[in-house]
Amino acid sequence: AGGAVLGRAADRLFSLSGLFAVRKPKGPTSAAVLNLLKERLLAEAGVQTNGNKRNQVLKIGHGGTLDSAATGVLVVGIGKGTKMLGTMLAGSKKYTAIGMLGKATDTLDATGKVTEEKPYDQVTKGDLENVLQKFTGDIMQVPPLYSALKKDGERLSTLMKRGEAVEAKPARPVRVYSLSLQQFQPPLFTLDVECGGGFYVRSLVNDIGKELSTCATMQELTRTKQGPFTLEEHALHEDRWTIDEIARSLEHCTALLPREPSRKRLKAEHPGGAAVICE
C-alpha cells in the first residue's frame, strides 16, 4: 500500500484470522471461488491491486478442492488460519451425491463424455443397499484419472485434456464412516456419504455401478459438511462475502475448532496432506 494510510476497512480485513466456510456455487473451480472472494474483500477495503502485487497482499487458502460441477461447503483460511487448513483436508467430510445408472463417463461425472451405456432395469433398491455395505469402512479406492492429483507436478486432469496417456494411480486406502441410500428413482439414486480425506465420491459412484453389473456416473455433488462446518449453519452465501460477515463468522467458527494440538503429531498422522494456499 506504498506507505499510504489504509482505511479502517483495510485494517479490519488484514486483521482477520482463522477459518470460516463459504458456499461454493456450481460452475467455477474452487481456486476461482477463492480468487473472487479475495477480489471482493480487497475491493471493499479499497486496496488497490495492480497486476501481481495482490498476491502478497492477502493470505487466503482453502482446505480441500471441490470439483467445478460440485457445490457446498468450502472451508477457507485467512491470515494465520491458512496454517490450520491441513487439518481440514485430513478430517471428515459429508456429501450428498446423485448417481445415474446405465451410463459411464470419462470424468466419472456429468461433465464428461459418455464412454459406456448398459441396461440397469434389473437393479432393485435392495441390490443397491446391499452393495453399499461393501463400500463402508476401510476400503481401497482408485482415484479418478480426471482429478487434481499430480504426476510430475502437473494435474492429471490437465494431462488428460491434452490427450496424454495417463496411467491410473494405484488404489489407496480410504475411510467411509457411513454410507446410506436416500432415494432410488431409477436411473437416479441419491447417497449420503461421510468419509475421510482423499476420498472421491465420483469413484464411489462409478464403482457401485460396476458392482451392480451395470455402470453409473455422478450427476450432482454437494458437500454438506467439512470438519465442524455445515452447509446450513456456517457456509456463507455469495451475497455475504463481506468483511463484517466474515469477521462475525470467524468469531462463531473459532468456537467450533479443537484447541490447536501439537503440529508434530498431526504431520505424522497425515503425511502428504497439502493445503491449497494462494498467497
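Residues numbered from 1 in each chain as written. Predicted model: local features only at pLDDT ≥ 70, side-chain atom pairs only at ≥ 80, totals over all residues. Heavy atoms only, no water.

As annotated in an unreviewed UniProt entry, the chain carries the name Pseudouridylate synthase TRUB1 and is attributed to Pomatostomus ruficeps.

Enquirer: Lay out the packing of helix α1 (residues 8-15) against helix α7 (residues 243-254) with the relevant residues and their values.
Expert: Closest axis-to-axis distance for the α1/α7 pair is 10 Å, and the angle between their directions is 30 degrees. Crossing of α1 against α7: the hand is left-handed. Of the residues in α7, those touching α1 at A9, R12 and L13 are I243, D244 and A247. Tallied by class, residues from the contact of α1 with α7 come to 4 nonpolar, no polar and 2 charged. (Axes fitted to C-alpha atoms, helices over the stretch in contact; angles between N-to-C directions. Helix = DSSP H or I, 4+ residues; strand = E, 2+ residues; numbered from the N terminus. Left-handed = near helix turned anticlockwise from the far one by under 90°. Contact = heavy atoms within 4.5 Å. Nonpolar A, V, L, I, M, F, W, Y, C, P; charged D, E, K, R; others polar.)

Enquirer: Can you tell me about the environment of G46, naming the residues and giving the values?
Expert: Following the sequence through the fold, G46 ends up in the loop between α2 (30-44) and β2 (60-62). The class for G46 is partly exposed, based on a relative accessible area of 49%. Sequence spacing of G46 and G7 is 39 residues, and the spatial spacing of their C-alpha atoms is 7.7 Å. (Buried < 20%, exposed > 50% of the residue type's maximum accessible area, 1.4 Å probe, protein only.)

Enquirer: Give me the lowdown on the pattern of salt bridges, citing residues and values where you can.
Expert: In the structure shown here, the tally under the stated rule is 11 salt bridges. Note that E116 is salt-bridged to K118, the shortest N-O span being 3.7 Å. The class of E116 is partly exposed, set by a relative accessible area of 34%. K118 gets classed as partly exposed once you look at its relative accessible area, which sits at 34%. A salt bridge links R240 to E245; its shortest N-O distance comes to 3.3 Å. With relative accessibility at 18%, the residue E245 sits in the buried group. Here the salt bridges do not stand alone but share partners, grouping E154, R162 and E164 into one network. (Salt bridge = Lys/Arg side-chain N within 4 Å of Asp/Glu carboxyl O.)

Enquirer: Kindly report on the pairing of strand β10 (residues 172-185), identifying the contributing residues and their values.
Expert: Here strand β7 (residues 137-141) pairs with β10 via 5 bridges, running antiparallel. Considered in β10, the bridge of Q141 is made with R172. As defined by bridge partners, β10 adjoins strand β11 (residues 188-195) across 8 bridges and the pair is classed as antiparallel. If you follow L179 over to β11, its bridge partner there is V193. From the end of β10 to the start of β11, which pair antiparallel, there are 2 residues. (Pairing = 2+ DSSP bridges.)

Enquirer: I'd like a description of the UniProt feature "domain: tRNA pseudouridylate synthase B C-terminal" (unreviewed entry) in the chain, backed by residues and values.
Expert: Feature annotation in UniProt assigns "domain: tRNA pseudouridylate synthase B C-terminal" (unreviewed entry) to the following positions: residues 202-237. Annotated as residues 202-237, this span is 28% helix and 42% strand, and its ends, taken at the C-alpha atoms, are 25 Å apart. (UniProt positions renumbered as here; feature names shortened; annotations may be inferred.)

Enquirer: An account of α2 is requested, with residue identities and associated values reported.
Expert: A rise of 1.5 Å per residue sets the reference length of α2, with its 15 residues, at 21 Å; its end C-alpha atoms lie 21 Å apart and thus fit the reference within 8%. Listing the buried residues of α2 in full gives S30, V33, L34, L37, K38, L41 and L42. The arc that holds the buried residues of α2, viewed along the axis, is 165 degrees, so those residues lie on one side. Positive backbone phi, approximately 70 degrees, marks G46, located one or two places after α2. (Expected span 1.5 Å × (residues − 1). Arc of directions from axis to C-beta.)

Enquirer: Explain the nonpolar core to me, using residue names and the numbers behind them.
Expert: Generally speaking, a soluble globular protein has its nonpolar side chains buried in company with each other. One finds F189, L191, F199 and I208 to be the most contacted residues of the largest nonpolar core, which totals 29 residues. The set of elements that each furnish at least two residues to this core consists of β4 (93-101), α4 (125-134), β10, β11, α6 (201-211) and β12 (216-226). With 5 residues, the top contributor of residues to this core is β10. Sequence-distant contacts of I208, defined by excluding residues within four places in its chain, comprise L128, V131, L132, F135, F189 and L191. Core analysis: the next-biggest nonpolar cluster, separate from the first, contains 23 residues, L16, V76, I243 and I246 among them. (Core = buried A, V, L, I, M, F, W, Y, C linked by side-chain atoms within 4.5 Å.)

Enquirer: Describe the pairing of β12, with residues and values.
Expert: Pairing of strand β3 (residues 71-78) with β12 involves 2 bridges; the strand directions are parallel. Bridge pairing in β12 links T71 to T222. With 9 bridges connecting them, β4 and β12 associate as antiparallel partners. Within β12, the position partnered with A97 by the bridge is L221. Sheet analysis places β12 next to strand β13 (residues 229-230), joined by 2 bridges and oriented antiparallel. Bridging from a neighbouring strand, K225 pairs with T230 of β13. Counted along the chain from β12 to the antiparallel partner β13, the turn is 2 residues long, and its residue G227 has a positive phi close to 55 degrees.

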